[in-house]
Each structure stands twice: as structure tokens, then as C-alpha cells.
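One-letter residues, chain by chain:
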Amino acid sequence: MNNKCNIHKTKIRDEKEYKDLMNRLNRIEGQVRGIKKMLEENAYCPDILIQVSAISSSLNSFNKVLLDNHMNTCVVENIQKGNLEVVVELTNTLKKLMK
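Just so we're clear, the structure is a prediction, and the values are computed from it rather than from any experiment.

K.L.:
Requested: an account of the packing of helix 2 (residues 45-80) against helix 3 (residues 85-97), with residues and values cited.
P.N.:
Direction vectors running N to C along helix 2 and helix 3 enclose 165°, while the axes themselves pass 10 Å from each other. In terms of orientation, helix 2 lies roughly antiparallel with respect to helix 3. Remark: the crossing between helix 2 and helix 3 carries left-handed chirality. Residues N63, L67, H70, M71, C74, V75, N78 and I79 of helix 2 form the contact with helix 3, whose participating residues are V86, V87, E89, L90, L94 and L97. Its residues assigned to classes, the contact of helix 2 with helix 3 shows 10 nonpolar, three polar and one charged.

This is the structure:
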């Protein structure tokens, strides 16, 4: 069975998707380290806040890419197989993301 999304709630990602997501996370990790350094060096509060905002934006971008990938693979595959429960799962996920 060559199912990218299975009942164990795991997903085998192709190399391009995996590398893109990891690169994004590595950049976010670097941004967090940068903020830690700013704090250690007693940076001015608004400068830190602006960097935190940049991290929030980066995380939102990561979520958008991951959600797009999920919808175009897992959700489509499940709907094609008649598993409409994936729509309920997606709706619940979106509700959590929009808090």
C-alpha cells in the first residue's frame, strides 16, 4: 500500500517538501537564537518585539505551507477513497489554528 497518509497519523513526505519545511524551521530556530542573544545583550524592548513579530510571521508561513501540503495530499487522497471524516478533522484543525 503506497499511502502517504495512513491511519497511524503519520506522513511520508517527499524529499522536496521535507527539505523546505526543515529549512523553514532552521531559519525560525536561528531567529529564536537571535532574540536570546538580543536579550542577553540588553537590547531595547521594541527591537526585540519586532524580531518576535518576525518569528510569528515565519511560523504562520510554515503553517500555511504545511496546511497546503496536507490539503493537497492527505485530504484529497482520503476524500478520493470516500473517507469524509478527513473533512471534520481538517475543520477542527482550522478552528484550532484560528484561535
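K.L.:
With reference to specific residues and values, describe a nonpolar patch on the surface.
P.N.:
A cluster of nonpolar side chains, Y18, M22 and L25, forms an exposed patch at the surface whose accessible area comes to about 270 Å². Its place among the elements puts Y18 in helix 1 (residues 15-40).

K.L.:
Let's hear about the confidence of the model for the chain: which residues, and what values?
P.N.:
Fine structural detail should not be taken from predicted coordinates in areas where pLDDT scores are low. When pLDDT is averaged across the chain, the result is 92; 92% of the residues are at 70 or more. Mean pLDDT across the secondary structure elements of the chain bottoms out at helix 3, with 94, and peaks at helix 1, with 97.

K.L.:
Could you give an account of the nonpolar core, with specific residues and numbers?
P.N.:
Membership of the largest hydrophobic core is limited to eight residues, which are L21, I28, I35, M38, I48, I55, F62 and V65. Those elements that provide at least two residues to this core are helix 1 and helix 2. Not counting residues within four places of it along the chain, the set of residues in contact with I28 comprises I55, S58, L59 and F62.

K.L.:
Mind laying out the environment of N83, listing which residues take part and the relevant values?
P.N.:
Tracing the backbone through its elements, the reader meets N83 in the loop between helix 2 and helix 3. Of the polar contacts made by the side chain of N83, one reaches the backbone nitrogen of E85; its length is 3.1 Å.

K.L.:
Report on helix 2, specifying residues and quantitative values.
P.N.:
Between the first and last C-alpha of helix 2 there are 51 Å, a value that for 36 residues agrees with the 52 Å anticipated at 1.5 Å per step. Of all the bends in helix 2, the greatest measures close to 35° and is centred on M71. Of all the positions in helix 2, only I48, I55, F62, V65, N69, T73, C74, V75, E77 and N78 are classed as buried. Those residues of helix 2 hidden inside the fold are in contact with helix 1 and helix 3. At the exit of helix 2 stands G82, carrying a positive phi of roughly 90°.

K.L.:
Before we move on, can you summarise the pattern of salt bridges with the specific residues and values?
P.N.:
Within this structure, the stated rule accounts for six salt bridges. K11 is the salt-bridge partner of E17, the closest N and O atoms lying 3.6 Å from each other. Each member of the pair, E17 as well as K11, is classed as buried. Of the charged contacts in the structure, one is a salt bridge between E29 and R33, with a shortest N-O distance of 3.7 Å. Of the two residues, E29 and R33 are both situated in helix 1; the distance of four residues between them amounts to about one turn of the helix.

Thresholds applied
- Residues numbered from 1 in each chain as written.
- Predicted model: local features only at pLDDT ≥ 70, side-chain atom pairs only at ≥ 80, totals over all residues.
- Heavy atoms only, no water.
- Axes fitted to C-alpha atoms, helices over the stretch in contact; angles between N-to-C directions.
- Helix = DSSP H or I, 4+ residues; strand = E, 2+ residues; numbered from the N terminus.
- Parallel < 35°, antiparallel > 145°, perpendicular 65-115°, else oblique.
- Left-handed = near helix turned anticlockwise from the far one by under 90°.
- Contact = heavy atoms within 4.5 Å.
- Nonpolar A, V, L, I, M, F, W, Y, C, P; charged D, E, K, R; others polar.
- Patch = residues over 30% accessible without salt bridge, like charges linked within 9 Å, V, L, I, M, F, W, Y side chains within 5 Å.
- Areas by Shrake-Rupley, 256 points an atom, 1.4 Å probe, with all protein chains shown as cover.
- Salt bridge = Lys/Arg side-chain N within 4 Å of Asp/Glu carboxyl O.
- pLDDT = per-residue confidence, 0-100.
- Core = buried A, V, L, I, M, F, W, Y, C linked by side-chain atoms within 4.5 Å.
- Buried < 20%, exposed > 50% of the residue type's maximum accessible area, 1.4 Å probe, protein only.
- Polar contact = N/O pair within 3.5 Å; in protein donor to acceptor, adjacent residues only side chain to side chain.
- Expected span 1.5 Å × (residues − 1).
- Bend = angle between axes of the 7 residues up to and from the residue.

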